[in-house]
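Topology and contacts: notes
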Amino acid sequence: MVAAPAVSLEKPLILGIETSCDDTACAVLDGAGRVLASVVSSQVEPHRPFGGVVPEIASREHLRNWPAVSAETLTAAGIELGEVDAVAATRGPGLVGSLLVGLSLGKAIAYALEVPFHAIHHMEAHLFSPFLRGQGLVADPVAEDFVGLVVSGGHSLLLRVEGGGDRIDTLAQTRDDAMGEVFDKIGKRIGLAFPGGARVDELAELGEAKAHPMPIAKCGDSLDFSFSGLKSRALRDLDRLQEEGVRARLQEPSEPPSGPLADLLAGFRAAAVDQLLDRVARLHKASPFAVLAVSGGAAANRLLRRSLESWAAEEAVELRLVDMQFCGDNAAMIAHTALLRQRRGLSDDPRSAEAAGRLPI
Ligand code: KG4
Ligand code: ZN
């Protein structure tokens, strides 16, 4: 949770709501883009026995969590609900039942308070999140033109943004699995609870990628991503390790991995990260860009962050890596995107905004 800073706040105060998947999140931002409070209640526990997110459980948990999450957010921001000047909620993409909970709450609050409402695209919010700064600091202005790399549990996207968001073009997306999804599948196979992506990254730190190299997926001349071949390769190699009598499954998450398992995970991670770097580098070569903004849950990946930092330094590209606290799903990014829209004079009708499970950016 981020607590309110002792500074004079700017109008409008924006309440953000995010319930697109399994996190119930609420945040308050001021008109300068300061995050006054950001609370994320994770639903990991109720889904754990099922090894993935169960949509019906997720919607029910959002309803159950909302009163405490919103109360905690307003208290941390030091404001009453009646002081809110605008409301924003995620409209998609995501699980429709989950989206409906947050969107309906947002619409009702905006309608009751008679303040502007914003129905926000989840991926657009990730895309702009690298311009948010933590701990009550004023957000940086969004770069006029930049390339966005958004890597999460459901998406892997390369986007070109012009005019500070006037125009957003999708340059590449995954042809099969998303980056985070593949990390989670490998995590599940080695005995980690869902979502195991972050722990797989941690375990990979202990291995040597060169000792277990895996190929980088190519998609011809296209900049598209593909992670399912790498996933199959890693799963096959894990089976082989086990056949050779090497422990390829952890009894508990904190158990140290065997050397060959750590090497395999390091090789897997390096091939996933190198694929992202390959696309970014090829795009830059074909059509140079000055700013790269990287976001989404998988943007927490340690190797990805290090590799991009060295690549950007070499190419003199300004790198904006999303702050670690805003990598995963959160409502600060939803309120932030609403602020950007409101500054452009945009808003939505709270009586007609609809949730959409699939929604092109
Ligand atoms: O953005 P996010 O919170 O939710 C979606 O919109 O999907 O992303 C969550 C995803 C999960 O798949 C999680 O395992 C992955 O991000 N993730 C990571 C790391 N930390 C979280 N993947 C790779 N390396 C990490 N360090
Ligand atoms: Zn997300």
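See the structure printed just above.
Throughout what follows, the structure given in this document is the object of discussion. (Residues numbered from 1 in each chain as written. Chains lettered and ligands numbered in written order. Predicted model: local features only at pLDDT ≥ 70, side-chain atom pairs only at ≥ 80, totals over all residues. Heavy atoms only, no water.)

The next subject is the coordination of the zinc ion (ligand 2). For the zinc ion (ligand 2), every protein donor is listed as His122 (NE2), His126 (NE2) and Asp329 (OD), and the spread of their distances is 2.1 Å. In this structure, the zinc ion (ligand 2) is coordinated by 4 donor atoms arranged in irregular fashion, with angles at the metal of 94 to 145 degrees. Spacing between the donor residues of the zinc ion (ligand 2) along the chain follows H-x3-H-x202-D. Of the two residues, histidine 122 and histidine 126 are both situated in helix H4 (residues 122-128); the distance of 4 residues between them amounts to about one turn of the helix. Here the two residues histidine 122 and histidine 126 agree in accessibility, since each one is buried. (Donors = N, O, S within 2.8 Å, 3.2 Å for Na, K, Ca; no water. Tetrahedral: all angles 85-135°; square planar, octahedral: opposite > 155°, others 65-115°. Helix = DSSP H or I, 4+ residues; strand = E, 2+ residues; numbered from the N terminus. Buried < 20%, exposed > 50% of the residue type's maximum accessible area, 1.4 Å probe, protein only.)

On to the sheet that holds strand E5 (residues 117-121), then. Within a beta sheet, neighbouring strands are joined by backbone hydrogen bonds and run either parallel or antiparallel to one another. One open sheet accounts for 5 strands, arranged E3-E2-E1-E4-E5; its pairing is mixed. Edge positions in the sheet fall to strand E3 (35-42) and E5, since each has one partner strand and no second. Across the sheet, the axes of successive neighbouring strands diverge by a mean angle of 15 degrees, strand direction being ignored. Sheet topology places strand E4 (residues 86-92) next to E5; 5 bridges connect them, and they run parallel. When the bridges of E5 are listed, threonine 90 appears paired with isoleucine 120. Along the sheet, helix H10 (residues 332-343) makes contact with strand E1 (14-18), strand E2 (23-29), E3, E4 and E5, crossing E5 at roughly 115 degrees. (Pairing = 2+ DSSP bridges. Axes fitted to C-alpha atoms, helices over the stretch in contact; angles between N-to-C directions. Contact = heavy atoms within 4.5 Å.)

A word on the nonpolar core. If you look at the biggest cluster of nonpolar residues, it comprises 70 residues, and the most contacted ones within it are Leu149, Leu158, Met179, Leu265, Phe268 and Leu292. Looking at this core element by element, the count peaks at 12 residues for helix H8 (residues 259-286). Excluding its chain neighbours within four sequence positions, the residues that come into contact with leucine 265 are Ile186, Ile190, Val200, Leu203 and Ala204. (Core = buried A, V, L, I, M, F, W, Y, C linked by side-chain atoms within 4.5 Å.)

With that out of the way, let us pick up the environment of glutamine 342. Assignment of secondary structure puts glutamine 342 in helix H10. As for glutamine 342 and proline 116, which are separated by 226 residues in sequence, their C-alpha atoms are 8.5 Å apart. A polar atom in the side chain of glutamine 342 sits 2.7 Å from the side chain of histidine 118. (Polar contact = N/O pair within 3.5 Å; in protein donor to acceptor, adjacent residues only side chain to side chain.)

Counted by the stated rule, this structure contains 5 aromatic pairs. Seen in terms of ring centroids, phenylalanine 183 and phenylalanine 268 are 4.8 Å apart; in terms of plane orientation they differ by 50 degrees. Their pairing is tilted. With phenylalanine 183 in helix H5 (residues 179-189) and phenylalanine 268 in helix H8, this pair connects stretches of sequence that are 85 residues apart. The class of phenylalanine 183 is buried, set by a relative accessible area of 4%. The exposure class assigned to phenylalanine 268 is buried, which follows from its relative accessible area of 0%. Aromatic rings pair up to connect Phe128, Phe131 and Phe146 into one cluster. (Phe/Tyr/Trp six-rings, centres within 6.5 Å; stacked < 30°, edge-to-face > 60°.)

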